[in-house]
Amino acid sequence: MAEKKIKETNEEEKFIVEDAFARIEEIIRALEEPETKLSDAMELYKEGVVLSEKCRDNLEGVEKEIKILNAEDEN
């Protein structure tokens, strides 16, 4: 299956949540296709789970930053 994948992030690469959301949408479309093989579906599912966890972690980090900034504004 010739699907593009989000590169694994490392110190040099910045995780872009919007790119991950777009990839998750691609994964969902592929999983909805009846001709997707089971082995491919499992790999896509695993990739989707990893991306969703990274998105959650990223968004939680942003939320913490916003709370810190709001607390600083109140002081």
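Small disclaimer: the values here were computed from a predicted structure and weren't measured.

**Comments concerning the overall build of the protein chain**
Then, in step 1: Summing up its helical and strand segments, the protein chain has 2 helices and 0 strands in all.
Then, in step 2: The buried share of the protein chain, taken over its 75 residues, is 19%.
Then, in step 3: Sequence-distant contacts in the protein chain: of pairs separated by 6 or more residues, those separated by 24 or more amount to 60%.
Then, in step 4: Looking at the protein chain as shown, the accessible area adds up to about 6,300 Å², and 53% of this sits on carbon and sulfur atoms.

**Brief notes about the nonpolar core**
Then, in step 1: Core analysis: the biggest nonpolar cluster contains 9 residues, these being Phe-15, Val-17, Ala-20, Ile-24, Ile-27, Ala-30, Leu-44, Leu-51 and Cys-55.
Then, in step 2: Secondary-structure elements contributing two or more residues to this core are α1 (17-32) and α2 (38-74).
Then, in step 3: Top contributing element to this core by residue count: α1, with 5 residues.
Then, in step 4: Ignoring any residue separated from it by four or fewer positions in sequence, one finds Val-17 in contact with Cys-55, Asn-58 and Leu-59.

**Some points on the packing of α1 against α2**
Then, in step 1: Their axes nearest at 9 Å, the elements α1 and α2 cross at an angle of 155 degrees. The angle between α1 and α2 falls in the class roughly antiparallel. As α1 packs across α2, the resulting crossing turns out to be left-handed. Between α1 and α2, the contacting residues are Val-17, Ala-20, Phe-21, Arg-23, Ile-24, Ile-27, Ala-30 and Leu-31 on the first element and Ala-41, Leu-44, Glu-47, Gly-48, Leu-51, Ser-52, Cys-55, Asn-58 and Leu-59 on the second.
Then, in step 2: A per-class count over the contact of α1 with α2 returns 12 nonpolar, 3 polar and 2 charged.

**Brief notes about the environment of Asp-40**
Then, in step 1: Within the element layout of this structure, Asp-40 appears in helix α2.
Then, in step 2: Assessed through its relative accessible area of 22%, Asp-40 is described here as partly exposed.
Then, in step 3: Between the alpha carbons of Asp-40 and Ala-30 there is a distance of 9.2 Å; along the sequence they are 10 residues apart.

**What about the pattern of salt bridges?**
Then, in step 1: Scanning all chains against the criterion turns up 6 salt bridges.
Then, in step 2: For Glu-60, the salt bridge is made with Arg-56, and the minimal N-O distance between the two is 3.9 Å. Of this pair, Glu-60 and Arg-56 both sit in helix α2, 4 residues apart, which is roughly one turn of that helix.
Then, in step 3: Taking relative accessible area as the criterion, Glu-60 reaches 37% and is therefore assigned partly exposed.
Then, in step 4: Shared partners join several salt bridges into a network, and the residues in it are Arg-23, Glu-26 and Glu-47.

Thresholds, definitions, all that
- Residues numbered from 1 in each chain as written.
- Predicted model: local features only at pLDDT ≥ 70, side-chain atom pairs only at ≥ 80, totals over all residues.
- Heavy atoms only, no water.
- Helix = DSSP H or I, 4+ residues; strand = E, 2+ residues; numbered from the N terminus.
- Buried < 20%, exposed > 50% of the residue type's maximum accessible area, 1.4 Å probe, protein only.
- Contact = heavy atoms within 4.5 Å.
- Areas by Shrake-Rupley, 256 points an atom, 1.4 Å probe, with all protein chains shown as cover.
- Core = buried A, V, L, I, M, F, W, Y, C linked by side-chain atoms within 4.5 Å.
- Axes fitted to C-alpha atoms, helices over the stretch in contact; angles between N-to-C directions.
- Parallel < 35°, antiparallel > 145°, perpendicular 65-115°, else oblique.
- Left-handed = near helix turned anticlockwise from the far one by under 90°.
- Nonpolar A, V, L, I, M, F, W, Y, C, P; charged D, E, K, R; others polar.
- Salt bridge = Lys/Arg side-chain N within 4 Å of Asp/Glu carboxyl O.

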